Amino acid sequence: MNPLLIIVLILLVLSGVGLIIFILLHSGKGTGISDAIASSVYSTQTGTSIVEKNLDRITIGLAITFIVCLLVLMIIYPQGSISVG
């Protein structure tokens, strides 16, 4: 396998797993379980807004990384051009 392919695939998997984790860390907008958990973990409203902004930034960065990796794979390796053996 090409080293570029390995690096892009590793970045794709890591950014995908990171996206799942950081999306689940966001607090909900309603009055559900996630709001109850978030309000017990964070005592002040200013603390949650800073945490939410940081979570948003990290999530957006991971999403951009994920999309760029997909585009690189699509451009470099068109459908059916990667040989397994």
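See the structure shown above.
First, a word on what this report is: a plain description of the structure on this page.

The subject of this paragraph is the overall build of the protein chain. When helices and strands are counted, the protein chain shows 3 helices and 0 strands. For the protein chain, the proportion of its 85 residues judged to be buried stands at 19%. Of the roughly 6,400 Å² of accessible surface on the protein chain, 74% is carried by carbon and sulfur atoms.

Turning our eyes to something else, we now look at the nonpolar core. Counting 6 residues, the largest nonpolar core consists of L5, V8, L12, C69, L73 and Y77. Taken together, the elements giving at least two residues each to this core come down to α1 (3–25) and α3 (45–76). Among the elements that line this core, the one with the most residues is α1, at 3 residues.

Relative to the assigned elements, T59 resides in helix α3. A polar contact of 2.6 Å, which involves the side chain of T59, links it to the backbone oxygen of L55. In this view, T59 contacts L19, F22, I23 and H26; residues no more than four positions away in its chain are not counted.

Parameters and conventions
- Residues numbered from 1 in each chain as written.
- Predicted model: local features only at pLDDT ≥ 70, side-chain atom pairs only at ≥ 80, totals over all residues.
- Heavy atoms only, no water.
- Helix = DSSP H or I, 4+ residues; strand = E, 2+ residues; numbered from the N terminus.
- Buried < 20%, exposed > 50% of the residue type's maximum accessible area, 1.4 Å probe, protein only.
- Areas by Shrake-Rupley, 256 points an atom, 1.4 Å probe, with all protein chains shown as cover.
- Core = buried A, V, L, I, M, F, W, Y, C linked by side-chain atoms within 4.5 Å.
- Polar contact = N/O pair within 3.5 Å; in protein donor to acceptor, adjacent residues only side chain to side chain.
- Contact = heavy atoms within 4.5 Å.

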